[in-house]
Amino acid sequence: MSSTLLEVTRAGHEEVERLERLIVKDFQNEPASSKDRLFQSHRVRSMIDQITTTTIKLVEIYEDKDNARKDEIAALGGQTATGTNVFSAFYDRLKEIREYHRRHPAARVVDANEEHEELLKEEPRIEFTGEEAMGRYLDMHELYNEYINSKFAEPIEYSAYLDVFSQPHKISRKLKLTRQYREYLEKLLEHLIYFFERTEPLQDLERIFSKVIAEFEEEWADGKVQGWDNEGQENGHVSAQPSGIDLDYYSTVEELMEVGPERLKEALAALGLKTGGTFQQRAERLFLTKHTPLEQLDRKHFAKGSRGAEQNGFAATPQQAESSKAIALTEAKIIKLCDLLHETIVRTKENVEKKQALTYEEMEAEREEEDIQADSESDDEEQQIYNPLKLPMGWDGKPIPYWLYKLHGLGQEFKCEICGNHSYWGRRAYERHFKEWRHQHGMRCLGIPNTKNFNEITSIEEAKKLWEGIQEKQGVNKWRPELEEEYEDKEGNIYNKKTYTDLQRQGLI
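Residues numbered from 1 in each chain as written. Predicted model: local features only at pLDDT ≥ 70, side-chain atom pairs only at ≥ 80, totals over all residues. Heavy atoms only, no water.

When you go through the protein residue by residue, the secondary structure sums to 23 helices and four strands. Counting over 509 residues, the protein shows a buried share of 32%. Look at the contacts in the protein between residues 6 or more apart in sequence, and 56% of them connect residues 24 or more apart. When the accessible surface of the protein is split by element, carbon and sulfur atoms take 49% of a total near 33,600 Å². (Helix = DSSP H or I, 4+ residues; strand = E, 2+ residues; numbered from the N terminus. Buried < 20%, exposed > 50% of the residue type's maximum accessible area, 1.4 Å probe, protein only. Contact = heavy atoms within 4.5 Å. Areas by Shrake-Rupley, 256 points an atom, 1.4 Å probe, with all protein chains shown as cover.)

This is the structure:
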């Protein structure tokens with residue numbers, strides 16, 4: 001029955017309207033946790049994609065390039081080749097409908113609302129690694145390993161890398177023109193895009209990138225791109241890296257000879273250098289350009305009648321300029337994504353630094369606590385609750401009784417110098433913090449074990465004095481032979497060394 005274009009058009013409009021109502025209904029339900037909010041965003045993104053697909057089909061129908069819709073409307077009006085016959089068209093369509101129901105007697109009207117209501121309860125499957133924790137943190141370990149093993153970077157800690165990867169302008173331009181750096185940038189951009197699409201599915205990434213490209217083109221034309229200022233010159237000259245051969249991969253002339261004589265000849269010709277001589281002489285001539293700018297090379301290395309010395313001394317080849325522009329644009333996209341993911345990056349770094357101070361058991365307990373907190377997290381505090389005294393909220397989301405507030409001293413502020421002068425509000429939070437990672441890490445930095453002896457100790461000076469006193473007291477319990485070494489006389493009496501020696505001197509034993 002829905003084989004006609006008009007019926008397909010009607011069904012398409014109905015589908016679009018139904019999905020729009022579902023989106024509004026889904027947004028009216030406030031998610032209880034960040035996990036539910038993520039699921040809601042992906043559901044809405046899926047419905048928007050369905051609306052887009054259906055709308056594209058409707059536009060194709062309305063364009064009517066094959067005149068099928070026009071012919072169908074004419075047929076409904078009874079227009080035929082012989083003339084207009086409205087009644088004949090009406091009875092033909094009635095016959096078709098009756099024939100359909102005769103062949104499908106069990107056909108029933110399906111309520112599409114029931115099927116779409118299930119969409120609001122659906123939990124989309126989103127792939128996150130264990131390190132990403134449902135989008136709360138970034139997992140950059142694979143890119144970090146590639147970064148520290150590259151020639152354009154220095155070995156650093158993972159926590160430091162989380163600050164560095166969003167600042168590509170700090171890398172030398174000469175190192176940026178290598179194939180290794182270009183491949184690293186492409187992987188980094190792909191990883192950030194994939195993470196951003198999973199955590200922010202409602203953001204229009206194409207529109208964001210189109211704006212980035214427009215701003216980049218203006219800055220590139222003015223030579224104001226950060227890290228690429230005055231493109232074509234760096235320290236008075238351009239890098240003499242020939243396109244096609246990355247000299248950073250080769251440390252000796254013998255290694256460079258492995259690329260073959262033809263590629264060496266092409267690279268030399270691109271720089272305006274002589275291409276003659278033996279295979280080894282070509283390699284030596286090209287290897288000179290690795291550490292020496294072209295304008296400082298002896299003119300005898302350049303081919304006669306070639307303007308390569310002047311051209312390559314002051315301007316990059318068109319191919320190098322295009323390659324530099326592509327790398328700079330990739331960097332601009334990465335910087336924009338890092339700005340959008342700034343909170344996630346900061347949260348990731350804090351999580352990494354916190355995990356470095358925890359044992360495996362503490363990390364597992366922390367992970368379980370985060371899962372429980374994520375499941376029970378609620379946004380009820382956004383509702384207006386009458387709380388003129390600004391009392392703390394209880395487990396039910398309501399202000400606690402005033403007498404309980406005064407009894408436990410929840411309005412008091414406790415500061416702990418060992419925790420970096422961190423403030424704890426209320427007696428209960430203050431007592432609980434002695435077992436938390438922040439206090440334990442502070443005690444480890446002082447070289448003091450976090451035992452029960454140091455409860456209620458928040459001053460660094462007091463903790464050190466107490467630890468010195470404990471060490472001195474433990475010294476009293478050391479082995480003292482004059483008091484603890486035992487001696488036995490002929491009658492079987494037991495004495496310590498001091499008593500035995502005194503009795504022996506007196507002649508009593």
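A complete count under the given rule lists 13 aromatic pairs for this structure. Ring geometry for Tyr147 versus Tyr161: centroids 5.0 Å apart, planes at 50°, classification tilted. Of the two residues, Tyr147 sits in helix H6 (residues 141–148) while Tyr161 sits in helix H7 (residues 158–164), which places them 14 residues apart along the sequence. Classification of Tyr147 by relative accessible area gives buried; the value is 6%. Using a relative accessible area of 0% as the deciding quantity, one classes Tyr161 as buried. Above the ring of Tyr194, the side-chain terminus of Arg198 is found at 4.0 Å from the ring centroid. Its end group placed over the ring of Phe209, Lys333 keeps NZ or CZ at 5.3 Å from the ring centre. (Phe/Tyr/Trp six-rings, centres within 6.5 Å; stacked < 30°, edge-to-face > 60°. Lys NZ or Arg CZ within 6 Å of the ring centre and 35° of its normal.)

A word on the nonpolar core. Ranked by size, the top nonpolar core spans 41 residues in total, and within it Met140, Tyr161, Phe165, Tyr184, Leu188, Leu192 and Leu337 carry the most contacts. For this core, the elements supplying multiple residues, two or more each, are helix H2 (34–63), H6, H7, helix H9 (179–199), helix H10 (205–222), helix H15 (318–340) and helix H16 (342–356). If you tally residues by element for this core, the top one is H9, at nine residues. In contact with Tyr161, other than residues within four places in its own chain, are Met140, Leu143, Tyr144, Tyr147, Ile156 and Tyr184. With 17 residues, the next largest nonpolar core counts Ile245, Leu256, Leu264 and Leu286 among its residues. (Core = buried A, V, L, I, M, F, W, Y, C linked by side-chain atoms within 4.5 Å.)

Below, the discussion takes up a negative patch on the surface. Residues Glu417, Glu461, Glu462, Glu468 and Glu472 make up a contiguous surface patch of negative charge. Inspection of the secondary structure puts Glu472 in helix H21 (residues 460–476). Glu472 gets classed as exposed once you look at its relative accessible area, which sits at 60%. (Patch = residues over 30% accessible without salt bridge, like charges linked within 9 Å, V, L, I, M, F, W, Y side chains within 5 Å. Salt bridge = Lys/Arg side-chain N within 4 Å of Asp/Glu carboxyl O. Lys, Arg positive; Asp, Glu negative; His and termini not counted. Charge placed at Lys NZ, Arg CZ, Asp CG, Glu CD.)

Positionally, Thr458 belongs in the loop between helix H20 (437–446) and H21. In this structure, Thr458 is in contact with Lys415, Cys416, Glu417, Ile418, Tyr430 and Phe434, ignoring residues within four places of it in sequence.

Here we come to the pairing of strand S1 (residues 413–416). Only one face of S1 is covered, namely the face carrying Phe414 and Cys416; the face carrying Glu413 and Lys415 is uncovered. In this structure, S1 lies alongside strand S2 (residues 422–425), joined through four bridges in antiparallel fashion. What sits directly across from Phe414, in S2, is Tyr424. As consecutive antiparallel partners, S1 and S2 are separated by five residues, and within that stretch Gly420 has a phi angle of approximately 80°, a positive value. (Pairing = 2+ DSSP bridges.)

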